[in-house]
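Fold and contact review
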Amino acid sequence: MYLLTDEIAFPSIEETSPEGILAIGGDLQPERLLLAYKNGIFPWYSEDEPIIWWSPDPRMVLFPDDLKVSKSMKKLIRREAFTVTYNKAFRHVIRACALIERPGQDDTWITSEMEDAYIKLHEMGYATSVEVWRDNMLVGGIYGINLGHVFCGESMFSFESNASKYGFIYLIEKLKANGCQLVDCQMYTNHLASLGAYEVPREVFLSYL
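Structural notes, computed from the coordinates. (Residues numbered from 1 in each chain as written. Predicted model: local features only at pLDDT ≥ 70, side-chain atom pairs only at ≥ 80, totals over all residues. Heavy atoms only, no water.)

1. Regarding unusual backbone geometry
Cis geometry marks the peptide bond from D57 to P58, where omega comes out at 10°. By the secondary structure assignment, P58 is in the loop between β4 (52-54) and β5 (59-62). Backbone geometry places E80, a non-glycine residue, at a positive phi of 50°. As for its placement among the helices and strands, E80 is situated in the loop between α2 (71-78) and β6 (83-86). For E80, a relative accessible area of 62% translates into the label exposed. Phi is positive for N162, which is not a glycine, with a value near 75°. (Helix = DSSP H or I, 4+ residues; strand = E, 2+ residues; numbered from the N terminus. Buried < 20%, exposed > 50% of the residue type's maximum accessible area, 1.4 Å probe, protein only.)

Below you can see the structure in the form of structure tokens.
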């Protein structure tokens, strides 16, 4: 296991373990986080763990043209069931992502340290949020790192059925219009697969970076 130092650097992706772990330690300075994302690496750890840096193989991705919108979601979009905004409530979105209960998870991986780090990235123009509202109440949202040609999704939440899917669909359409080629979904989930995401070899994913 590679232990990071104060130097803003990562070992070769080839050093990644079969589980997808590349290194531990270091910090969440903006410079290190941006270097990580630009090289297909992301942090994921719990409050009582050191920072763990991942680069799984295969990688879950979504190509914007492959987005799947179900008939029920199309109906919701046609009747404008929710209002969608961008970068209007980043702090609220990341806080909700941290607090919402998820099946199979006893605690959050979005630590207070991570919240502060991504808020800094948002202030620098790299971290993006999507907010989903109903009657002026925040009911869903997504945040991630926008590298321009690649969007690295981090987390989403939903207080109402279909709210996060609604926001995700709007996000993909916006990214597509802006020339984004690929959305990094990191690891497989049935939810993302239902929206058109699938796993590709890590080397394919890295070629887009």
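2. Regarding the sheet that holds β4
Reading across from one edge, β1-β2-β4-β3 is the order of the four strands in this open sheet, with mixed pairing throughout. Looking at strand neighbours, the two that pair on one side only are β1 (2-4) and β3 (42-43), the edges of this open sheet. Where strand β2 (residues 21-25) and β4 come together, three bridges link them in antiparallel fashion. Bridging from a neighbouring strand, A23 pairs with W53 of β4. (Pairing = 2+ DSSP bridges.)

3. A word on helix α3 (residues 90-99)
Every buried residue of α3 is accounted for by F90, V93, I94, A96, C97 and A98. For α3, the secondary structure elements touched by its buried residues are α4 (112-123), β7 (127-134), β8 (137-146) and β9 (150-158). (Contact = heavy atoms within 4.5 Å.)

4. Some details on the pattern of salt bridges
Counted according to the given criterion, the structure contains six salt bridges. For the salt bridge of D184 with R59, the shortest nitrogen-to-oxygen distance reads 2.9 Å. Of this pair, D184 sits in strand β10 (residues 182-186) while R59 sits in strand β5, and the two are 125 residues apart along the sequence. Residue classification places R59 among the buried residues on the basis of a relative accessible area of 1%. For the salt bridge of E123 with R91, the shortest nitrogen-to-oxygen distance reads 3.4 Å. Remark: R91 occurs in helix α3 and E123 occurs in helix α4; sequence separation between them is 32 residues. Across the pair, R91 and E123 agree in class, each one exposed. (Salt bridge = Lys/Arg side-chain N within 4 Å of Asp/Glu carboxyl O.)

5. Some thoughts on a positive patch on the surface
A cluster of basic side chains, namely K71, K74, K75 and R78, defines a positive patch on the protein surface. When you line up the elements, K71 lands in helix α2. Accessibility expressed as a relative area gives 71% for K71, which makes it exposed. (Patch = residues over 30% accessible without salt bridge, like charges linked within 9 Å, V, L, I, M, F, W, Y side chains within 5 Å. Areas by Shrake-Rupley, 256 points an atom, 1.4 Å probe, with all protein chains shown as cover. Lys, Arg positive; Asp, Glu negative; His and termini not counted. Charge placed at Lys NZ, Arg CZ, Asp CG, Glu CD.)

6. A short note on the sheet that holds β6
Pairing is mixed across the open sheet formed by seven strands, whose spatial order is β6-β7-β8-β9-β10-β5-β11. Two strands bound the open sheet, and with one partner strand each, they are β6 and β11 (198-200). Within the sheet, the average angular offset between the axes of one strand and its neighbour, ignoring direction, is 35°. (Axes fitted to C-alpha atoms, helices over the stretch in contact; angles between N-to-C directions.)

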